[in-house]
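# Geometric and topological summary
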Amino acid sequence: MTNGHVTLVGGGPGEWDLITVRGLRALEAADVILTDHLGPTNQLDQFLDLTGKEVIDVAKLPYKKQVAQERINELLVTHAQDGQCVVRLKGGDPYVFGRGFEELQACAAAGVPCSVVPGVTSATSVPAAAGVPVTQRGVTHSFTVVSGHLAPGDPRSLVDWDALGRVGGTIVVIMGVRQVRPITRALIDAGLPPSTPSTVIQDGETADQRQFRAALGDLADVMEQEGVTNPAVYVIGEVAGLEVLG
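Residues numbered from 1 in each chain as written. Predicted model: local features only at pLDDT ≥ 70, side-chain atom pairs only at ≥ 80, totals over all residues. Heavy atoms only, no water.

## Considering the domain arrangement of the protein chain
For interface size, the figure often reported is the accessible area lost on association. Put simply, the test is: Segment limits for the domains were obtained from an automatic or database-derived domain assignment. By definition in these notes, contact holds between two residues if any of their heavy atoms fall within 4.5 Å. When two parts are put together, the accessible area they lose, computed with a 1.4 Å probe and summed over both, is reported as buried area. Salt bridge, as used here, is a side-chain nitrogen of Lys or Arg placed within 4 Å of a carboxyl oxygen of Asp or Glu. In the analysis that follows, any N or O atom pair within 3.5 Å is treated as a polar contact, provided that within protein one partner can donate a hydrogen and the other can accept it, and provided that, for residues neighboring in sequence, both atoms belong to side chains. In the scheme used here, Gly and all other residues not listed as nonpolar or charged are polar, with Ala, Val, Leu, Ile, Met, Phe, Trp, Tyr, Cys and Pro taken as nonpolar and Asp, Glu, Lys and Arg as charged.
Domains assigned within the protein chain are domain 1 (5-117) and domain 2 (122-241). With centres defined by C-alpha atoms, the gap from domain 1 to domain 2 works out at 28 Å. Contacts between the two partners involve eight residues from domain 1, matched on the other side by 17 residues from domain 2. Carbon and sulfur atoms supply 68% of the area buried between domain 1 and domain 2, which totals about 910 Å² over both sides. At the boundary of domain 1 and domain 2, one finds zero salt bridges. At the junction of domain 1 and domain 2, the tally comes to two residue pairs in polar contact (both at pLDDT 80 or more). Considering only residue class, the side of domain 1 that touches domain 2 consists of six nonpolar, one polar and one charged.

This is the structure in structure tokens:
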């Protein structure tokens, strides 16, 4: 059968209307939708007519349910080779810790056309929802986005936490709830003052959004006391202490 095609769509950080217009049009045209558990993926039936569409749950829940990436790649390729229009719907942006490029490579290896629709990443939009700019004139001219799913010192980690603690600017950590204590300890050991402002935002850009401010040295305790769970983003740096004047 003639090949179909795959579109990798970034769904944005939370409520469904944060998806791009192009992403929504791709969903409307899809025969098959492979979804994860973030962004608008659990709201599909609220904004999209699913008649005639097959929806497949391929969520990767942290430390819980996991659908192997190889299986996801197989589903994308197989459905496209059956002549179907396939959308891989992800939270945030497909290329920001979304493994989108791996899926693009799998499609290319199988001769399946694949395109990418960028999405609004939680790394900047979730702090914004909490009133935290990741950059601010006169305060910081840089920000670093880092995955916190591996603890500092883990041999699999590709993050230089010592350098990160010295570089300055804003640090945005995603997927870092479980490792918040070793992460904050590593940053302090690298020279970041324990008094550095920080903010954690859980379920950002949704009706369930919660946020808490703390000094860096207290962040792990506050997150534990407040029962912060994934998905959550925390921001470390002077911007996390800014107040709106008015």
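## Quick look at the sheet that holds strand S6 (residues 143-147)
Pairing between the strands of a sheet comes from backbone hydrogen bonds, and it takes one of two forms, parallel or antiparallel. Formally: By the convention used here, strands pair only if DSSP detects at least 2 bridges between them. To qualify as a helix, a DSSP run of H or I must reach at least 4 residues; to qualify as a strand, a run of E must reach at least 2; elements of each kind are numbered from the N terminus. Here an axis means a line fitted to C-alpha atoms, over the contact stretch when the element is a helix, while the angle between two N-to-C directions is reported on a 0 to 180 degree scale.
Here we have five strands laid out as an open sheet, ordered S6-S7-S10-S8-S9, and mixed in their pairing. The open sheet terminates on both sides in strands that have one partner only, identified here as S6 and strand S9 (210-215). Across this sheet, the average inter-strand angle for adjacent strands is 20 degrees, counted without regard to direction. Two strands pair when backbone bridges link them, and S6 and strand S7 (residues 170-174) are joined in this way by five bridges, in the parallel orientation. Among the inter-strand pairings, Ser 147 is bridged to a residue of S7, identified as Ile 174. In the packing of helix H5 (residues 122-129) onto the sheet, the strands contacted are S6, S7, strand S8 (197-202), S9 and strand S10 (232-236), and the crossing angle to S10 comes to about 80 degrees.

## Remarks on the sheet that holds strand S3 (residues 54-57)
As summarised here, the arrangement of the five strands in space is S3-S2-S4-S1-S5, forming an open sheet in which the pairing is parallel. With one partner strand each, in any of the chains shown, S3 and strand S5 (114-117) form the two edges of the open sheet. Put simply, the sheet's adjacent strands are angled 20 degrees from each other on average, direction ignored. Where strand S1 (residues 5-10) and S5 come together, four bridges link them in parallel fashion. Paired with Thr 7 across the strands is Ser 115, a residue of S5. Its contacts with the sheet put helix H1 (residues 21-29) on S1, strand S2 (32-35), strand S4 (85-90) and S5, and the angle it makes with S4 is roughly 135 degrees.

## Digging into helix H4 (residues 100-109)
Selection criterion: Accessibility here uses a 1.4 Å probe with only protein chains present; expressed as a share of the type maximum, an area under 20% marks a residue as buried, one over 50% as exposed, and anything in between as partly exposed. Working definition: the arc comes from the directions between the helix axis and the C-beta atoms, pointing outward to the latter.
Regarding H4, the residues found buried are Gly 100, Glu 103, Ala 106 and Cys 107. An end-on view of H4 places all buried positions within 120 degrees of arc, on one side of the element. Along H4, exposed side chains directed more than 90 degrees from the buried face belong to Ala 108 and Ala 109. Residues of H4 that are buried sit in contact with S1, helix H3 (69-81), S4 and S5. Just downstream of H4 lies Gly 111, where phi reads positive at about 75 degrees.

## Considerations on the packing of aromatic side chains
For the record, the criterion: Each Phe, Tyr or Trp ring (for Trp, its six-membered ring) is paired with any other whose centre lies within 6.5 Å, and the angle between the two planes then decides the class: stacked below 30 degrees, edge-to-face above 60, tilted in between.
Considering all chains together, one arrives at two aromatic pairs under this definition. Taken together, a centroid distance of 4.9 Å and an interplanar angle of 5 degrees make the contact between Trp 16 and Phe 47 stacked. With Trp 16 in the loop between S1 and H1 and Phe 47 in helix H2 (residues 44-47), the pair connects residues that are 31 residues apart, well separated along the chain. Given the relative accessible area of 31%, Trp 16 is considered partly exposed.

## A closer look at the packing of H3 against H4
Selection criterion: Each angle gets one of four labels, with under 35 degrees taken as roughly parallel, over 145 as roughly antiparallel, 65 to 115 as roughly perpendicular, and the rest as oblique. Put simply, a crossing is left-handed when the front helix is turned counterclockwise from the back one by less than a right angle, and right-handed when it is turned clockwise.
Running from N to C, H3 and H4 cross one another at 50 degrees; their axes reach a closest spacing of 9 Å. Relative to H4, the element H3 lies oblique. In this structure, H3 crosses over H4, and the sense of that crossing is right-handed. Contacts between H3 and H4 involve Gln 69, Ile 72, Asn 73, Leu 76 and Val 77 from the first element and Glu 102, Glu 103, Ala 106 and Cys 107 from the second.

## Observations regarding the environment of Gln 136
Mapping Gln 136 onto the fold places it in the loop between H5 and S6. Spatially, the C-alpha atom of Gln 136 lies 23 Å from that of Gly 92, the residues being 44 residues apart in sequence.

## A closer look at the pairing of S10
Across the five residues of S10, five count as buried, placing the element largely inside the fold. Side-chain alternation along S10 places Ala 232, Tyr 234 and Ile 236 on one buried face and Val 233 and Val 235 on a second face that is also buried. Across four bridges, S7 lies against S10 in antiparallel orientation. Bridging across to S10, Val 172 finds its partner in Val 235. Bridging between S8 and S10 involves five bridges; their strand directions are antiparallel. Paired with Thr 199 across the strands is Val 235, a residue of S10.

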